[in-house]
Amino acid sequence: MEHLSYQRKVTIMAAIVTAMFFASINQTIVGVALPRIIAKLGGMDYYTWVMTIYFLTSTISTILVGKLSDIYGRKYFILSGIVIFICGAFLAGTAKDIIQLIIYRGIQGTGAGIIMATAFTAIGDLFSPRERGRWSGLMSAVFGTSSVLGPGLGGYIVEHFAWHWIFWIFLPLGVIAFFMILFLFPRVEKQKSQSIDYSGSLLLTLTIVPMLLAFSWAGTKYAWTSSMIIELFAVTLAALALFIFAETRVKTPVLPLDLFKSGVITISNIIGFMMFAGMMGALMYMPFYVQGVMGISPTYAGYVTMPVSISMLAMSAYAGRYMTRTGKYKNLALTGMTIMVLGMFLMVIMKSIPVAVLSMIIFGSGLGLGMPVFMLAVQNAADSKDLGVATASVQLFRNLGGTIGIAVMGTVLSTSIASRMNGLISSGSRFGLDPEMSGKLTQLMDPQLLLDQPKLSGIQNGLPATVQPVFAQLLEALRQALAASLANVFLLGTIVLAVALVLTFFLKELPLRTTVRKVSESNKKEQREPAPDVS
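**Comments concerning the overall build of the protein**
Phase 1: The secondary structure content of the protein amounts to 18 helices and zero strands.
Phase 2: Per-residue burial for the protein yields a buried fraction of 53% across its 535 residues.
Phase 3: Carbon and sulfur atoms make up 66% of the accessible area of the protein, which totals about 23,200 Å².

**Looking at a nonpolar patch on the surface**
Phase 1: A cluster of nonpolar side chains, namely Tyr156, Phe161, Trp165 and Ile169, defines an oily patch on the protein surface of about 430 Å² accessible area.
Phase 2: Considering the arrangement of structural elements, one finds Trp165 in helix α6 (residues 165-168).
Phase 3: The class for Trp165 is partly exposed, based on a relative accessible area of 45%.

**Notes on the nonpolar core**
It is characteristic of soluble globular proteins that their nonpolar side chains tend to be buried jointly.
Phase 1: Met13, Ile16, Leu101, Met139, Phe363 and Leu486 are the most contacted members of the largest nonpolar core, which has 146 residues in total.
Phase 2: Examining the composition of this core, we find that 17 residues originate from one element, helix α1 (residues 6-41), more than from any other.

**Points about the packing of aromatic side chains**
Phase 1: Overall, the coordinates contain 12 aromatic pairs when judged by the stated rule.
Phase 2: Considering the side-chain rings of Tyr318 and Tyr322, the 6.2 Å spacing of their centres and the 35° angle between planes classify their relative orientation as tilted. With Tyr318 and Tyr322 both in helix α11 (residues 298-326) and four residues apart, this pair spans about one turn of that helix.
Phase 3: Owing to a relative accessible area of 35%, Tyr318 belongs among the partly exposed residues under this scheme.
Phase 4: What makes Tyr322 buried here is its relative accessible area of 19%.
Phase 5: Pairwise contacts between aromatic rings join Phe90, Trp165 and Trp168 into one cluster.

**A few points about the pattern of salt bridges**
Phase 1: The final tally for this structure, using the stated rule, is one salt bridge.
Phase 2: In this structure, the salt-bridge partner of Asp258 is Lys261, at a minimum N-O distance of 3.3 Å.
Phase 3: By relative accessible area, Asp258 is classed as exposed at 53%.
Phase 4: Taking the relative accessible area as the measure of exposure, Lys261 reaches 69% and is therefore exposed.

How each quantity is defined
- Every chain begins its residue count from 1, and numbering advances along the sequence as written.
- Where local features are concerned, this predicted model is filtered to residues with pLDDT of at least 70; where side-chain atom pairs are given and counted, the filter is 80 or more; whole-chain, interface and lining totals use all residues.
- Hydrogens and waters are ignored; side-chain quantities use all the structure's heavy atoms.
- In DSSP terms, a helix is any run of H or I states spanning at least four residues, a strand is any run of E spanning at least two, and both are numbered starting from the N terminus.
- For each residue, the accessible area found with a 1.4 Å probe, counting protein chains only, is set against the maximum for its type, and the residue is called buried under 20%, exposed over 50%, and partly exposed in between.
- Accessible areas in this description were obtained via Shrake-Rupley with a 1.4 Å probe; residue shielding takes into account the shown protein chains only.
- Patches draw on residues past 30% relative accessible area with no salt bridge. Two like charges within 9 Å are joined, as are two nonpolar side chains (Val, Leu, Ile, Met, Phe, Trp, Tyr) within 5 Å.
- Here, a salt bridge means any side-chain nitrogen of Lys or Arg that lies within 4 Å of a carboxyl oxygen of Asp or Glu.
- The term nonpolar core refers to a set of buried residues drawn from Ala, Val, Leu, Ile, Met, Phe, Trp, Tyr and Cys, joined through side-chain atoms within 4.5 Å.
- Aromatic pairs are defined between Phe, Tyr and Trp rings, using the six-membered ring for Trp, whenever the two ring centres lie within 6.5 Å; interplanar angles under 30 degrees are classed as stacked, those over 60 as edge-to-face, and all others as tilted.

Here you go:
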């Protein structure tokens, strides 16, 4: 599609951005409203599955569609992704129970994965890596905008309207995106001599699904050493071994192992994995600190975390312009990773809301500078015939890093808070509490209780007046224990990001091309074409 005029490319990008915003806003708008939806449908025990199934299906569809779109083109995959997502969103709004909601969210996740995989790759089809920097910044801005608008809008809808409209309100935008892609996005010819790698697709799915389930359940539903978790990891390793064996023997592998012979692609994906693993400490557990430790209401807590999206939006736009102007990216990556480490370390030592806001601004700035770099570096190093699968590999490693990071940091938090809480409850005798009162205080063992002010007030009101001063002291001790436990989580995130920063020094900088195809590919194409007859 590099032959298209710049004006035509801009109109195509408008269609892609519309599709991306449709998918991202529908994800961010659900998060805040989900507890209220679960309360209406029932089935709190399956709460995590509503999120887990979306993540599973989107991860699998992303990597599978990456290679298929290299063979058959992007247009019909992004159209199918939009249709699947619209169907999933509509059905989710009609859910009668939690099981139906989980199934329909799985359908949504499948569509979202297809949209994300093809949209990012389509930018590579349209623009050279040098031009792509500007548009990569725009795509990051789309996510930033949806992250700012989604939670607030979701909270407003669920407070003032039926929860079904959470899933339905943006359906017209999906229809608009569909027709924009249908009429504006050009169709490309299928690559010749290409076949579908069915065995590799199956084995890759069998590798990803049990691994994500293991990390999602470990430390929460099952112990890390339980037979269920061990069996899931065993299945993962067995499927991975078979997958590697199969991929070396097929003509068109779903995830070409030769892709990772490029040091740029390998290092960029490892850094992306660690970056997303570390950053989840900031994005997932900052609300625990703001609401649980500082006692801020959920409404105002959103204002504390909002700066991370705003600063990311601004700095990603700057990063895109910088890469387009200079054709370089390594210094940008080093600067962004360094700022992220500083922002995360500030979370370790924060003691007040202003410092928390400052840490969010700093962290978001580093994220905005660094995140677009590694996607662009991979696309710049990959051959155009592998552009889709190379782009999908970046998203795969990021998704895996995010899932594993959440699981490991969740285990660190729960282990640390349980240890500190055991000490607090056992100290109840020092305040003259009888065993019955000490037993009531064991309800504070769950750190999430500090996020539920009504329930916390109910426990406090159920205690005798003579115990109220003691309860207040223990509550303050609990906040301190939670703060110390969260500091451990943030410290782990800082260490992971610091390792990613060190790896960034080893990232080889390949000047961003001013052509869509690599020079070696263009030369091969010219060699395949017959020489003109000069006789």
